[in-house]
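# Close look at the chain arrangement
Listed below, chain by chain, are the residues.
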Amino acid sequence: MEYIIEMLNIRKEFSGIVANDNITLRVKPGEIHALLGENGAGKSTLMSVLFGLYKPDKGVIKVRGKEVKITNPNIANDLGIGMVHQHFKLVHNFTVTENIILGIEKVKGMKIDIASASKKIKELSNRYKLSVDPDAVIEDITVGMQQRVEILKMLYRDSEILIFDEPTAVLTPQEIKELMAVMKKMAQEGKTILLITHKLREIKEVADYCTVIRKGKSIATVNVKETSEQKMAELMVGRQVNFKVDKKNAKPGREVFKIENLNVFGSRGIQAVKNVSLSVRTGEILGVAGIEGNGQTELIEAITGLRSIDSGKLILNGIDITNMSIRKRSEMGIGHIPEDRHKYGLVLDFTLENNMILQTYYKQPFSNKGILNKEKIHSYAEYLIKQFDVRSAEGAATIARSMSGGNQQKAIIAREVDRSPDVLIVAQPTRGLDVGAIEYIHKRLIEERDKGKTILLFSLELDEILNISDRIAVMYEGKIVGIVDADKTNENELGLMMAGGGSFNA
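Because the structure is predicted, anything quoted here is derived from the model rather than measured.

## Some remarks on the sheet that holds strand β18 (residues 334–337)
- Strand order across the open sheet formed by six strands is β18-β21-β22-β15-β23-β24, with mixed pairing between neighbours. Each edge of the open sheet carries a strand with a single partner, namely β18 and β24 (479–485). Strand-to-strand twist across the sheet, computed as the mean angle between neighbouring axes with direction ignored, equals 20°.
- Relative to strand β21 (residues 423–427), β18 runs parallel, the two sharing four bridges. Across the sheet, the residue bridging to G335 is L424, located in β21.
- Running over the sheet, helix α15 (residues 435–450) touches β15 (284–289), β21 and β22 (454–458) and is turned about 130° from β15.

Structural data, given as structure tokens:
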């Protein structure tokens, strides 16, 4: 058996949009095979066909040399195929064990045999160094830990072919490292891994081969060790990509936004932001770096009005906005690209065009005396879609929920950047985006800076922080432990500060 998976001339169409255009993919047993492509290129669709979520319009699928018809995920599971989705499929008020055995529960006496299942999960967790507590409730564990539960779900079902859809999009750098180690161990044990990702560095680290998909077509399959990141990026977007942001030195002006002695409590009643003071000027990007869980989320929520402030002040253009409503802050000149696009960025069951006017629907030209002007809303949305290359099946009329994660993100960024607020709070702006989209988003943020706008950038990607920030503030255990000039620091110095190993000031 040369190939464990063969997808031959797969075609899948949605409402006249061809997502997969006669794609052929062949994967050998025990290899890590990456799927690389821009947002909306058709990677997730292809893997959803393999997992039985979609039925192909044309083409043949072979598993272990035999032709198969995978009409639903249960058939995929029976064939040893498992999938970790980009947005996890977990019941939040169930325990880890209850989520893993859901649908395949074994009964002992008249009860579900939780004890045996829990024991097996513990053994798998130890074997793959996943460190998951079988009795923990999903809503009480981190996003990274939830992903491990999804992995255990596949391992518990004895899956031999594991599909990972953008697995590192929501992970911290440390969690990414750990996940890469888990993947390598699985491959060593003979499991076959299909990895959908935009991150070239990760492909170089773990993949054996990489199939590049562009606009629904398979462009090439390359040997990762023999192919540079630059070459893979070019294959993906069809042109040369500039990894380094081309920017002039900042020309900061007057102080526009000030945080004074801010104290904020987290959801569990523990102080998350401790006496934070920051000052940001017009025409500059202040990056806020830190390992996830050091108060960044609570600081963002306090600034944007999503979380109440215990003490301290927020001053925008000389006006105290500490106790203002979210809408009032927005009208005063605060913009927000949230880290959780589903919870705070979009109304998933609204159309794309209605999502584009969430902050402005009550104003001219989008409404007059409470009546929405659908023509103006539609033309505005179409303009943003074109400007920011937001790809969807039905343009402005697409329901947001049906779009890929990367295109949902581009839609939020389009809406917020086009509003051009005085202070733009940007959290994980390129999470789940491909290199071409990242290049474009960074360029737009620099353009906003050069127009004299103020940007507060929160990112877990040190490359991103170093690449586009003018100054960098580092958060550790809820405090700002140092502020440095971006051109006078490096990853090592920032890493030391992020781990609480030093404080520096520019």
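We are not done yet, so read on.
## A look at α15
- Between the first and last C-alpha of α15 there are 22 Å, a value that for 16 residues agrees with the 22 Å anticipated at 1.5 Å per step.
- By the burial criterion, the buried members of α15 are V435, G436, A437, I441, H442, R444, L445, I446, E448 and R449.
- Residue G452 follows α15 closely and has a positive phi angle near 100°.

## Some remarks on the pattern of salt bridges
- Applying the stated rule across the entire model yields 34 salt bridges.
- Measuring nitrogen to oxygen at the nearest pair gives 2.6 Å for the salt bridge that ties K217 to D21. Taken together, the residues K217 in strand β12 (residues 217–223) and D21 in strand β2 (residues 17–27) connect sequence positions 196 residues apart.

## Concerning the packing of helix α5 (residues 143–156) against helix α6 (residues 173–188)
- As a packed pair, α5 and α6 sit with axes 11 Å apart at the nearest point and diverge in direction by 10°. In terms of axis orientation, α5 runs roughly parallel to α6. The residues of α6 that touch α5, namely those facing G144, M145, Q147, R148, I151 and L155, are E175, E178, L179 and M186.
- Here the contact of α5 with α6 is composed, by residue class, of five nonpolar, two polar and three charged.

## Some thoughts on the side chain of S330
- For S330, the position within the fold is in helix α10 (residues 326–332).
- Apart from residues no more than four positions distant in its own chain, S330 is found in contact with Q359 and R419.

## Re the sheet that holds strand β16 (residues 311–316)
- Ordered by their spatial adjacency, four strands build an open sheet running β14-β13-β16-β17, and the pairing between neighbours is antiparallel. Each having just a single partner strand, β14 (271–281) and β17 (319–320) make up the two edges of the open sheet.
- Note that strand β13 (residues 255–265) and β14 share seven bridges and pair antiparallel. Within β14, the residue paired with F265 across the bridge is Q271.
- Lying on the sheet, helix α9 (residues 296–304) is in contact with β13, β14 and β16; it crosses β13 at an angle near 120°.

Thresholds applied
- Residues numbered from 1 in each chain as written.
- Predicted model: local features only at pLDDT ≥ 70, side-chain atom pairs only at ≥ 80, totals over all residues.
- Heavy atoms only, no water.
- Pairing = 2+ DSSP bridges.
- Helix = DSSP H or I, 4+ residues; strand = E, 2+ residues; numbered from the N terminus.
- Axes fitted to C-alpha atoms, helices over the stretch in contact; angles between N-to-C directions.
- Contact = heavy atoms within 4.5 Å.
- Expected span 1.5 Å × (residues − 1).
- Buried < 20%, exposed > 50% of the residue type's maximum accessible area, 1.4 Å probe, protein only.
- Salt bridge = Lys/Arg side-chain N within 4 Å of Asp/Glu carboxyl O.
- Parallel < 35°, antiparallel > 145°, perpendicular 65-115°, else oblique.
- Nonpolar A, V, L, I, M, F, W, Y, C, P; charged D, E, K, R; others polar.

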